[in-house]
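# Examining the three-dimensional arrangement
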Amino acid sequence: MSRRKLTERQQARIGQLHQRRLARAEHDSNEAPLFSETDLGIEQEGLLLSYYGVYADVEAPQGQIYRCYLRQNLGVVVTGDKVIWRLNSNNNEGVIVAVKPR
């Protein structure tokens, strides 16, 4: 199955959201979050340990390992990438929302 083609406008919007997430993680800005903290936890940095299709294992700064979903618009991820992710409400899964530059 081929990947869905995005329009230039969609690609630009996804790029802007990605940059906002990275900037917010770097500077702890007071900008309103894209999602409420009740839907998904706060954004935090982690280390990508491994990935399997749409799932990835991310190590949190405290050393715990969480299974996370990969967003489709992240592009190529590689083991060892630093990522921005959110913890899900059930506290054992999350979602990777951005990848930091290598």
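Definitions and cut-offs
- Residues numbered from 1 in each chain as written.
- Predicted model: local features only at pLDDT ≥ 70, side-chain atom pairs only at ≥ 80, totals over all residues.
- Heavy atoms only, no water.
- Helix = DSSP H or I, 4+ residues; strand = E, 2+ residues; numbered from the N terminus.
- Buried < 20%, exposed > 50% of the residue type's maximum accessible area, 1.4 Å probe, protein only.
- Contact = heavy atoms within 4.5 Å.
- Areas by Shrake-Rupley, 256 points an atom, 1.4 Å probe, with all protein chains shown as cover.
- Pairing = 2+ DSSP bridges.
- Salt bridge = Lys/Arg side-chain N within 4 Å of Asp/Glu carboxyl O.
- pLDDT = per-residue confidence, 0-100.
- Polar contact = N/O pair within 3.5 Å; in protein donor to acceptor, adjacent residues only side chain to side chain.

## Quick look at the overall build of the chain
Check the secondary structure of the chain and you find one helix and five strands. When the helices and strands of the chain are read in sequence order from the N terminus, they spell out α-β-β-β-β-β. Put simply, the chain has 102 residues, and 32% of those count as buried. Across the chain, every contact between residues at least 6 apart in sequence was considered, and the portion connecting residues at least 24 apart equals 53%. With an accessible surface of roughly 7100 Å², the chain has 50% of that area assigned to carbon and sulfur atoms.

## A few points about the pairing of strand β4 (residues 82-88)
Of all seven residues making up β4, five are buried, and the element is well covered by its neighbours. Bridge count for β4 against strand β5 (residues 93-99) is five bridges, and the pairing is antiparallel. When the sheet's bridge partners are listed, L87 is paired in β5 with G94.

## Quick word on the pattern of salt bridges
The final tally for this structure, using the stated rule, is four salt bridges. Ionic pairing is found between K100 and E45, a salt bridge with its closest N-O pair at 3.1 Å. You can see K100 sitting in the segment after β5 and its partner E45 sitting in strand β1 (residues 40-52), a full 55 residues away along the chain. Given the relative accessible area of 12%, K100 is considered buried.

## Some points on the confidence of the model for the chain
Mean pLDDT for the chain: 81, with 82% of residues reaching 70 or above. Mean pLDDT across the elements of the chain ranges from a minimum in helix α1 (residues 8-27), with 82, to a maximum in strand β2 (residues 55-59), with 93.

## Some points on the environment of A25
Considering the arrangement of structural elements, one finds A25 in helix α1. Given a relative accessible area of 31%, A25 falls into the partly exposed group.

## Some thoughts on the side chain of E43
Position of E43 relative to the elements: it lies in strand β1. Look at E43 and you get buried, because its relative accessible area is 18%. For E43, the side chain forms a polar contact with the side chain of R86, separated by 3.1 Å. Those residues in contact with E43, other than ones at most four positions away along the chain, are R21, R24, I84, W85, R86 and V97.

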